[in-house]
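Residue-level listing of the chains:
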Amino acid sequence: MAPGSESQAAATTADPSCPPFPLLEEEDGSHINEQEQEVPRGAELELPTVDLEAPGEALAAGCRGLGVFRLANHGVPAALSASLFATARATLAEAPFSDKRAQPGYFWGTPALSLRVRDVNWVEGFHIALGDQQPAPATPLGDLLDLAAEYGAHMARVARTLFDALAAPLDLDAGQAATYLAERDGFLRVYRYPRCPEPGRLGMEAHTDSSVLSVINQHAVGGLQVHHDGAWRDVAPGAGETGTLLVNLGDMAQAISGDAYCSVRHRVAASQAAERLSLCYFAFPRDDAVISCAGGRYRPFTYAEFREQVQADIKATGSKVLDARVTNTRAPGTEIATEPEPEPEEADGDPEPTEDAEEAEKGDPESFQAGRRTRRPSSRVYGPNWVCDPVIYKQWAPPPEGWVKVNVDTALFAESKKMEANLLFLDTPAGVIGFSYNPTPTPPRISRYRAMGEDCSRCTAVLDQLDCTIGTDICT
Ligand SMILES: O=C(O)CCC(=O)C(=O)O
Ligand SMILES: [Fe+2]
């Protein structure tokens, strides 16, 4: 794809409610579909159903094997879900994009759009922080916020009941466990996945949630897929407003449980035929919660630290890349080499990321500044989804003035038996100037590069000097 061709290919649609999603069009007019890559698709996945009033064995099965289950007997009034979906439709599907974009909490696409990358989530929505609800204005958005507050109270109840049940067998320290779920400070995302003219596009790219647990209410239209046994499997919606909810375990549940529980990798397929609405609630630990577990392969870390790392990754790459980095997983007693780490230099006037991690991941692309990353990528990367031998590593040092450093990193995916290779181009003072990117594991090849800002010529120059047979293209 020629640099800048995304903007020429921006989606043109007669529907004024639809955000200007770019199409993935090649120069010759054909459409590419890199997001699908070579991960096989399996049949619809059968999920265990957990009864919230008697979780029992089904909960253990859902948490340990899959990281996702259906939830019955949840006590969320059907009429409340129905009103919330109806109001979501009115505020998202029946309002022009130009009005929506001015509303607080509105987002669309992926923040990485400002980096002009190809893959853009085909989704829009409202992000509602449940912990700091202000009096709602007398507008359609105000109605949405009022309903979200009522729905959020149910979600907090559901999350607390589930957490207590799933924490019981873990033998957690009582003081620590009390910090592991701040259910009232969770947030709700009201999503609309508009109909998408391009086959195979993703409404939301593959990821794991950073939460302890997430509760998804899919409207009648499906689209959620989970990665299981090396394949993407469809998850059928519950029976609309009256049916079951879906619960995903997130990274924090996996870390808290010392990997006994599974943070499920999932994504949302966009549909050509029907638009989709979903209500997603996310519950996190308290910021000061220290996540640690006896004999676990993670060093103790606070949730705030984890969130900061996710934010830094998103700032650097446009998406959560915990699972595409070397994890800093250390066995107890393993020493880190003591070479002093230079203080990161910050470029003038370029603020630290302040967005909430999940907010940043899916926030308004236009609220993110294109340009070079100015923070050194932190060596404190945690990845509950990574199986990684304990490593002794040297802390990273920036290249000398005038040099570009290329970090090479490969990852092996135990489940799918695939490999991913990534390059990261860095200059002094430790700014990321470009990186390779594979949204899903592929056989060893680097399929494309992103350059930060307009400076992709520097990555090209470096690649020209490397005998880089696996690189194929560079795009801004
Ligand atoms: O819309 C959905 O069903 C899932 C959304 C999701 O996975 C997320 O927001 O993390
Ligand atoms: Fe998710």
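Analysis parameters
Residues numbered from 1 in each chain as written. Chains lettered and ligands numbered in written order. Predicted model: local features only at pLDDT ≥ 70, side-chain atom pairs only at ≥ 80, totals over all residues. Heavy atoms only, no water. UniProt positions renumbered as here; feature names shortened; annotations may be inferred. Pairing = 2+ DSSP bridges. Helix = DSSP H or I, 4+ residues; strand = E, 2+ residues; numbered from the N terminus. Donors = N, O, S within 2.8 Å, 3.2 Å for Na, K, Ca; no water. Buried < 20%, exposed > 50% of the residue type's maximum accessible area, 1.4 Å probe, protein only. Axes fitted to C-alpha atoms, helices over the stretch in contact; angles between N-to-C directions. Phe/Tyr/Trp six-rings, centres within 6.5 Å; stacked < 30°, edge-to-face > 60°. Lys NZ or Arg CZ within 6 Å of the ring centre and 35° of its normal. Core = buried A, V, L, I, M, F, W, Y, C linked by side-chain atoms within 4.5 Å. Contact = heavy atoms within 4.5 Å. Salt bridge = Lys/Arg side-chain N within 4 Å of Asp/Glu carboxyl O. Near = heavy atom within 4 Å. Polar contact = N/O pair within 3.5 Å; in protein donor to acceptor, adjacent residues only side chain to side chain. Areas by Shrake-Rupley, 256 points an atom, 1.4 Å probe, with all protein chains shown as cover. Nonpolar A, V, L, I, M, F, W, Y, C, P; charged D, E, K, R; others polar. Arc of directions from axis to C-beta.

Per an unreviewed UniProt entry, the protein goes by the name Fe2OG dioxygenase domain-containing protein and belongs to Miscanthus lutarioriparius. What the UniProt record of the protein gives under Sequence similarities (unreviewed entry) is the line "Belongs to the iron/ascorbate-dependent oxidoreductase family."

A look at the pairing of strand β9 (residues 231–234)
Put simply, side chains in a regular strand alternate between the two faces of the sheet. As paired elements, strand β8 (residues 224–228) and β9 share four bridges and run antiparallel to each other. Residue His227 lies in a different strand from β9, and its bridge partner there is Trp232. Joining the antiparallel neighbours β8 and β9 is a turn of two residues, in which Asp229 adopts a positive phi near 50 degrees.

Points about the coordination of the iron ion (ligand 2)
In the first shell of the iron ion (ligand 2), the protein supplies His207 (NE2), Asp209 (OD) and His266 (NE2), at 2.0 to 2.1 Å from the metal. Written as a sequence motif, the donor arrangement for the iron ion (ligand 2) is H-x1-D-x56-H. Taken together, the residues span a long stretch of sequence, with His207 in strand β6 (residues 202–207) and His266 in strand β11 (residues 266–269) at a distance of 59 residues. His207 sits in the buried class, given a relative accessible area of 6%. Accessibility expressed as a relative area gives 3% for His266, which makes it buried.

Let's talk about the sheet that holds β6
Spatial strand order, β6-β11-β8-β9: four strands in an open sheet with antiparallel pairing. Edge positions in the sheet fall to β6 and β9, since each has one partner strand and no second. If you compare each strand with its neighbour and ignore which way they point, the axes differ by 30 degrees on average.

Regarding the packing of aromatic side chains
According to the stated counting rule, one finds 12 aromatic pairs in the structure shown. An angle of 40 degrees between the planes, with centres 5.1 Å apart, marks the rings of Phe187 and Phe284 as tilted. With Phe187 in strand β5 (residues 187–193) and Phe284 in the loop between β12 (276–283) and β13 (290–291), this residue pair connects regions lying 97 residues apart in the sequence. Just as Phe187 is buried, Phe284 falls in that class too. Here the aromatic rings of Tyr303 and Phe306 are separated by 6.2 Å at their centres, their planes lie at 25 degrees, and the arrangement is stacked. Separated by three residues within a single helix, Tyr303 and Phe306 lie in helix α8 (residues 303–317), roughly one turn from each other. Here Tyr303 falls in the buried class, since its relative accessible area comes to 3%. By relative accessible area, Phe306 is classed as buried at 0%. In textbook terms, an aromatic cluster arises when at least three aromatic residues are bridged by ring pairs, as seen for Phe21, Phe97, Tyr106, Trp108, Trp122 and Phe126. If you follow Arg189 out to its NZ or CZ, it ends over the ring of Phe107, 5.4 Å from the centre.

Comments concerning the nonpolar core
Formed by 86 residues in total, the largest nonpolar core has its most connected members in Leu71, Ile128, Tyr151, Leu162, Leu188 and Tyr281. The contacts of Ile128, once residues within four sequence positions are left out, are Gln133, Leu144, Leu145, Ala148, Phe187, Leu188 and Val190.

A look at the pattern of salt bridges
Any two side chains of opposite charge can pair, so long as their charged atoms come close to each other. Inspection of every chain in the model, using the stated rule, returns 10 salt bridges. Glu124 serves as the salt-bridge partner of Arg192, at 2.6 Å between the closest nitrogen and oxygen. Residue Arg192 is found in strand β5, and its partner Glu124 is found in strand β4 (residues 124–129); the two are separated by 68 residues along the sequence. Of the residues examined, Arg192 reaches a relative accessible area of 2% and is grouped as buried. A relative accessible area of 0% means that Glu124 is categorised as buried.

Side note on the site of ligand 1
Near ligand 1 lie 14 residues; those nearest to it are Tyr191, Tyr193, His207, Arg276 and Ser278. For ligand 1, an oxygen atom lies 2.9 Å from a polar atom in the side chain of His207. Note that an oxygen atom of ligand 1 is positioned 3.0 Å from one of the side-chain N or O atoms of Asp209. Coverage of ligand 1 by the protein chains reaches 100% of its 300 Å² of free accessible surface. For the shell around ligand 1, the elements supplying multiple residues, two or more each, are β5, β6, β11 and β12. Element by element, the count of residues in the shell around ligand 1 is highest for β12, at four residues. For the shell around ligand 1, the residue count by class is eight nonpolar, three polar and three charged.

Some points on the side chain of His74
Residue placement: His74 occurs in the loop between β2 (68–72) and α3 (78–93). A distance of 3.1 Å separates the side chain of His74 from the backbone nitrogen of Val76, its partner in a polar contact. Leave out the neighbours within four places in its chain, and His74 touches Leu52, Arg157, Val158, Gly243, Thr244 and Leu245.

Notes on the side chain of His266
In terms of polar contacts, His266 uses its side chain to reach the side chain of Asp209, at 3.2 Å. At a separation of 3.4 Å, a polar atom in the side chain of His266 contacts the side chain of Asn248.

What to know about helix α2 (residues 56–66)
For an α-helix, 3.6 residues make a turn, and residues three or four places apart therefore share a direction. All of the buried residues in α2 are Leu59, Gly62, Cys63 and Leu66. Buried residues of α2 fall within an arc of 125 degrees about the axis and therefore sit on the same side. Of the exposed residues in α2, those oriented more than 90 degrees away from the buried face are Gly56 and Glu57. Here the buried face of α2 lies against β1 (49–51), β2, α5 (140–167), β8 and β10 (245–249). Just downstream of α2, Gly67 is the residue with a positive phi angle, here 80 degrees.

Observations regarding the pairing of β6
With six of its six residues buried, β6 lies for the most part within the structure. Relative to β11, β6 runs antiparallel, the two being bridged by three bridges. Bridge pairing in β11 links Met204 to Val268.

Describing the sheet that holds β4
What the eight strands build is an open sheet, ordered β1-β2-β10-β7-β12-β5-β4-β3; its pairing is mixed. Here the strands that pair on one side only, and so sit at the sheet edges, are β1 and β3 (106–108). Put simply, the sheet's adjacent strands are angled 30 degrees from each other on average, direction ignored. Against the sheet, α2 makes contact with β1, β2 and β10, and its axis sits at roughly 155 degrees relative to β2, the strand it touches most. Most of the contacts of α5 go to strand β7 (residues 213–218), to which it runs at about 130 degrees, and overall it touches β2, β4, β5, β7, β10 and β12.

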